[in-house]
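Examining the three-dimensional arrangement
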Amino acid sequence: MMLGKRAEEVEPMLNKYLDDASLSALTQVRIVHGSGTGVLRQIVRDMFTVASFSEVFRPGKRAKVANGVTIVKLGK
């Protein structure tokens, strides 16, 4: 969960989380970054735009939290 984190904390924290998820053989993860100003959401989604470890990413499904969560399907 990245709520309340600073922009510069996000990338290293997210990389560690994704490494751990990969080692655990997870196929999908949920990144909770909150809605707020959208800065953390943008950083997270920008990382997945250029990352090779994710096949697909999308906002959460429920309207209430869709902009505060990013769902990531991990690659093989």
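Scroll up a little and you will see the structure.
Cut-offs and rules
Residues numbered from 1 in each chain as written. Predicted model: local features only at pLDDT ≥ 70, side-chain atom pairs only at ≥ 80, totals over all residues. Heavy atoms only, no water. Helix = DSSP H or I, 4+ residues; strand = E, 2+ residues; numbered from the N terminus. Expected span 1.5 Å × (residues − 1). Buried < 20%, exposed > 50% of the residue type's maximum accessible area, 1.4 Å probe, protein only. Arc of directions from axis to C-beta. Axes fitted to C-alpha atoms, helices over the stretch in contact; angles between N-to-C directions. Parallel < 35°, antiparallel > 145°, perpendicular 65-115°, else oblique. Left-handed = near helix turned anticlockwise from the far one by under 90°. Contact = heavy atoms within 4.5 Å. Nonpolar A, V, L, I, M, F, W, Y, C, P; charged D, E, K, R; others polar. Core = buried A, V, L, I, M, F, W, Y, C linked by side-chain atoms within 4.5 Å.

Overview of helix α2 (residues 39-50)
- Over its 12 residues, α2 runs 17 Å from end to end, which matches the ideal 16 Å to within 8%, given 1.5 Å per residue.
- Of the positions making up α2, those classed as buried are Leu40, Arg41, Val44, Arg45, Met47 and Phe48. The buried side chains of α2 occupy one side of the element, clustering within an arc of 150° when seen end-on. Facing away from the buried surface of α2 by more than 90 degrees, the exposed residues are Thr49 and Val50.

Quick notes on the packing of helix α1 (residues 7-23) against α2
- One can describe the packing of α1 onto α2 by two numbers: an axis separation of 10 Å at closest approach and a directional angle of 45°. One element, α1, and the other, α2, form an angle in the oblique class. Of the two elements, α1 crosses α2, and the hand of that crossing is right-handed. Along the contact surface, α1 presents Ala7, Val10, Glu11, Leu14, Asn15 and Leu18, while α2 presents Val39, Leu40, Ile43, Val44, Met47 and Phe48.
- In terms of residue class, the contact of α1 with α2 is made up of 10 nonpolar, one polar and one charged.

Looking at the nonpolar core
- Ranked by size, the top nonpolar core spans 13 residues in total, and within it Leu14, Val29, Ile31, Val44 and Phe48 carry the most contacts.
- Those elements giving two or more residues to this core turn out to be α1, β1 (28-32), α2 and β3 (69-74).
- With residues near it in sequence (within four places) discarded, Val44 still touches Met2, Val10, Leu14, Ile31, His33 and Thr70.

As for α1
- Here α1 contains 17 residues, and its C-alpha end-to-end distance of 25 Å stays within 8% of the 24 Å for a straight helix at 1.5 Å per residue.
- If you check which residues of α1 are buried, you get Val10, Leu14, Leu18 and Ala21. Relative to the axis of α1, the buried residues are bounded by an arc of 60° and lie together on one face. For α1, the exposed residues lying more than 90 degrees away from the buried face are Glu8, Pro12, Lys16 and Leu23.
- The secondary structure elements touched by the buried residues of α1 are β1, α2 and β3.
- Looking one or two residues beyond α1, the residue adopting positive phi is Ala25, at roughly 60°.

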